[in-house]
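Chains, contacts and geometry: an overview
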Amino acid sequence: MAPLSSINTATLALLVILCAPTTTDAFGAVTPQYSRHLSGVSRPIPFVLHNDAAESEDVAAAASDEEESTEELIEETEDEKEEESKEDTELAAIKKEIADLESSLKLKNRELNSIESMVDKFSQAGYARKVAEIDQLRKMRRAATQTNQFTERASVLQTFLPVLDELTSLNEQHGDNDFAKSYRALKGVMIGGLKDLKAEEFSVATSDAVDSRRVNAVEKIYSDDIGKGSVVEMTRTGWELEGNVMRLANVIVSLGSEADAKKAEEDAAAKKAEEESAVVVESEASDEEATNEEE
């Protein structure tokens, strides 16, 4: 066997590996590390024995840990999705329940209002109110019927007014005639009959405002004492029956002061002249502008 000093380093490492199989089982291949030159001195670097099995175990453990982490992450994601789905289902159920409760509440409120209305209607106060309503309705119908009756009666009696006017005219014409005096009472009898049927004469006072629904202006005159649009004199009385006018009263209406009327006419004429003058001036100015543009 060669002396130990003559055996190189590689041979020695090989011998160590061969002589120690258990060591080779535990460690991987020997990787020589060549010397480095530090400050010009070459120093051998010792051999480093790599534990491949340990590294494999570490890699396997890391991979296992990574797989476990991935599985845990997947499980957590699935759990979150299940929880979200469960929350969405619960939220939809809550919303549906709220909508059902609101619908039920509205229905109950309508039923409550109906019951309260029935209670008020069939109570003692409701009965008294209904009796009052019926009584008021009966009065309104009676008033409407009465009004219609009065309207129809006024329409019929209106046809007899010309006869009354004729009797009045005959009394005035033949008042001194002895034969006619025996018929003078006919006018009074007819007037009494009209009043028995609730027909009445009405008159209009001087200076009253003219109401076209009750008076008829037969003449218009100037008056310094009576304002414009007021009654100066009544020439014939009117007749009415419960507010239904059967005949208008004839009146003379005031036009106001004549001096004021003339002044108003002069002012209106002056204003009209000014407007016409302004129109003429504007027309002349327009024509002059057109002429200048043509030149």
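Refer to the structure presented above.
What comes next concerns the included structure.

Quick word on helix α5 (residues 161–173)
For α5, with 13 residues, the first-to-last C-alpha span of 19 Å sits near the 18 Å given by 1.5 Å per residue. Residues of α5 that are buried: Leu161, Leu164, Leu167, Thr168 and Asn171. All buried residues of α5 fall inside an arc of 115° around its axis, so they share one side.

Comments concerning the sheet that holds strand β8 (residues 238–241)
The pairing of strands in a sheet comes from backbone hydrogen bonds and takes either a parallel or an antiparallel form. Pairing within the open sheet is antiparallel, and its three strands lie in the order β5-β8-β9. If you trace the sheet from one side to the other, it starts and ends with β5 (199–202) and β9 (244–247), each paired once. With direction set aside, neighbouring strand axes in the sheet form an average angle of 35°.

Some remarks on the nonpolar core
Counting 13 residues, the largest nonpolar core has Leu157, Leu164, Leu194, Ala199, Trp239, Leu241 and Met246 as its most contacted members. At the level of secondary structure, the elements contributing two or more residues to this core comprise α4 (124–157), α5, α7 (185–196) and β8. Listed in part, the seven residues of the second largest apolar core include Val215, Ala249, Val251 and Val253.

What to know about the pairing of β9
Examined bridge by bridge, β8 and β9 share three bridges and lie antiparallel to one another. What sits directly across from Glu240, in β9, is Val245. Hairpin connection, β8 to β9: the antiparallel pair is bridged by two residues, and Glu242 has positive phi, about 50°.

As for the sheet that holds strand β6 (residues 215–221)
The three strands are arranged β6-β10-β7 in an open sheet whose pairing can be described as mixed. Strands with a single pairing partner mark the edges of an open sheet, and in this sheet they are β6 and β7 (231–236). Averaged over all pairs of adjacent strands, the angle between strand axes in this sheet comes to 30°, irrespective of strand direction. Where β6 lies against strand β10 (residues 249–254), six bridges are found, and the strand directions are parallel. Residue Lys220 lies in a different strand from β10, and its bridge partner there is Val253.

Definitions and cut-offs
- Residues numbered from 1 in each chain as written.
- Predicted model: local features only at pLDDT ≥ 70, side-chain atom pairs only at ≥ 80, totals over all residues.
- Heavy atoms only, no water.
- Helix = DSSP H or I, 4+ residues; strand = E, 2+ residues; numbered from the N terminus.
- Expected span 1.5 Å × (residues − 1).
- Buried < 20%, exposed > 50% of the residue type's maximum accessible area, 1.4 Å probe, protein only.
- Arc of directions from axis to C-beta.
- Pairing = 2+ DSSP bridges.
- Axes fitted to C-alpha atoms, helices over the stretch in contact; angles between N-to-C directions.
- Core = buried A, V, L, I, M, F, W, Y, C linked by side-chain atoms within 4.5 Å.

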